Amino acid sequence: MDLMTISATPAQDPAQARPRLRLATVWLAGCSGCHMSFLDLDEFLFELAEAVDIVYSPVASDTKIYPEQVDVCLVEGAVANVDNLELALTLRQRTALVISFGDCAISANVPGLRNLCSAPGRDSARTVLERGYLELADASAQLPFAPGIVPELLPKVLPLHEVIPVDLYLPGCPPSAERIRAAIAPLLVGQRPRMEGASMLRFG
Amino acid sequence: MSVVTLQVDGRDVAVPAGSTLLQAIRAAGLSVPTLCDLEGLEPVGACRLCLVELEGSQRLLPACASEASEGQVIRTDTAQLQGYRRMAVELFFAEGNHVCAFCVANGTCELQDVAVAVGMDHSRFPYQYPQRSVDASHPRFSLDHNRCILCTRCVRVCDQIEGAHVWDVAERGSDCRIVAGLDQPWGEVDACTSCGKCVDVCPTGALFAKEDTTAEKHPHPERAGQLRRAREQRQWIS
């Protein structure tokens, strides 16, 4: 980053001299509300599009494989199934700065309520599947089983930081667009946001 | 009136004898986070957020439940205390089932407030997901044990202000919980006057009015102090 600044011509805006940030957003076990809030950034999305390459995102990219050398990744949602887990491990390997984006990534939040439903001797995955597909079924009771197509539930829903190291936490259900912007904008100029006070930290 | 003088974070402060350390801290223009403390109720030292360091002592003191004495040198905001406070708040979240997103107290919750105050952006302790219940047997109010932090404000306001003593604390450790009457459904406790003071002072969404849904609770923690002052100063007699 410093080398880029030094080699830039004096007339050039230092921000222009930076390599474009490679930004990803990921949707694990969540309601997509954090991504909806991200879209609420409205006109700031144009500024963002000027400053970054969105290399992976359910709302802004059609790429199916998480790419290499990602600078920043916003991860919405808890880790609830084997697909979530695999993607979490992959993105950690390929991303410099991983952000737990919203309360589900931070605390498992609503998807984590499944953890309360665990009958004696059975984990919560088994308990909710049996409840949903066997006990409450009418004629065609059967547990879903389609390896490679329908991802298996993990025994327990986990917050992201219990699966991979997380670099920054952006709470909220969802985080407001203002909070998302205040967290992202410093990253565009190579700085870390100050996650302090009710405007940046409050859960819910 | 005799006075004691002490030092809080380097500031000299004089308070009436018998004052608590918390009162001395506030008299010095400083603050520490609190949850169980409430003006109008006797202090109990349950939440441990107001722990302070006393020079010459290894023990940390709960400021709300410790008497200020002459010549004390108190520190309220050291790195050690900041660390313990954040840890205590994380443990509050981890030991209950606090899901702010659809809580009746979302936005007015004092546990949310202290999480911000101590800079909690996540919990380092895995959430425990304890099996707890909701008592909706009272016609007007409900008690959601999932969201109770055992501050005992409800126990104290009912005993000390309303004089009904409906609430108590039962069991120990992680089984510890608030009980109504002789561990009965709340709605079956004849002693309850349905005054709602416990709901007013509850810092979280544990006690709430039945008509309130997500983020609709309007707590009134100030009422305990108002009633206490009115009685002591006989404000209702013209």
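Scroll up to find the structure this text is about.
**Student:** Outline unusual backbone geometry, supporting the account with residue identities and numerical values.
**Tutor:** Residue and element names in this part refer to chain A. Omega for the peptide link from C173 to P174 comes to -10°, which places this bond in the cis form. Relative to the helices and strands, P174 resides in the loop between β7 (168-170) and α8 (177-188). Positive phi, close to 50°, is recorded for D42, a residue that is not glycine. Among the secondary structure elements, D42 is positioned in the loop between α3 (33-39) and α4 (44-51). Classification of D42 as exposed rests on a count of 9 C-beta atoms within 10 Å.

**Student:** Describe the nonpolar core, with residues and values.
**Tutor:** All names here are of chain B. Judged by nonpolar contacts, the single largest core of 69 residues is most densely connected at A24, C154, C198 and L207. Each of two domains, domain 1 (3-77) and domain 2 (99-232), supplies a minimum of three residues to this core. Discounting chain neighbours no more than four positions away, the residues touching L207 are F141, L143, C154, C198, V199 and C202.

**Student:** I'd like to hear about the pairing of strand β2 (residues 11-16) of chain B, residue by residue, with values.
**Tutor:** Residues and elements named next belong to chain B. Sheet topology note: the strand β1 (residues 3-8)/β2 ladder contains 6 bridges and is antiparallel. Within β2, the position partnered with V3 by the bridge is P16. Connecting the antiparallel pair β1 and β2 is a turn made up of 2 residues, with D9 showing a positive phi of about 50°.

Conventions adopted
- Numbering of residues starts from 1 in each chain and follows the order in which that chain's sequence is written.
- Labels follow written order: the first chain is A, the first ligand is 1, and so on.
- It should be noted that, the model being predicted, local features are given only for residues of pLDDT at least 70 and side-chain atom pairs only at 80 or more, the latter also being counted only at that level, while totals for whole chains, interfaces and linings use all residues.
- Only DSSP runs of H or I with at least four residues qualify as helices, and only runs of E with at least two residues qualify as strands; both kinds are numbered from the N terminus onward.
- Counts of 20 or more other C-beta atoms within 10 Å of a residue's own C-beta define buried residues, counts of 12 or fewer define exposed ones, and intermediate counts define partly exposed ones; C-beta atoms are placed from the backbone.
- Buried Ala, Val, Leu, Ile, Met, Phe, Trp, Tyr and Cys residues form a nonpolar core when they are connected through C-beta atoms within 7 Å.
- An automatic or database domain assignment supplies the residue ranges for each domain.
- Here contacts are defined at the residue level, using C-beta atoms placed from the backbone and a cut-off of 7 Å between them.
- Strand pairing requires that DSSP identify at least two bridges connecting the strands.

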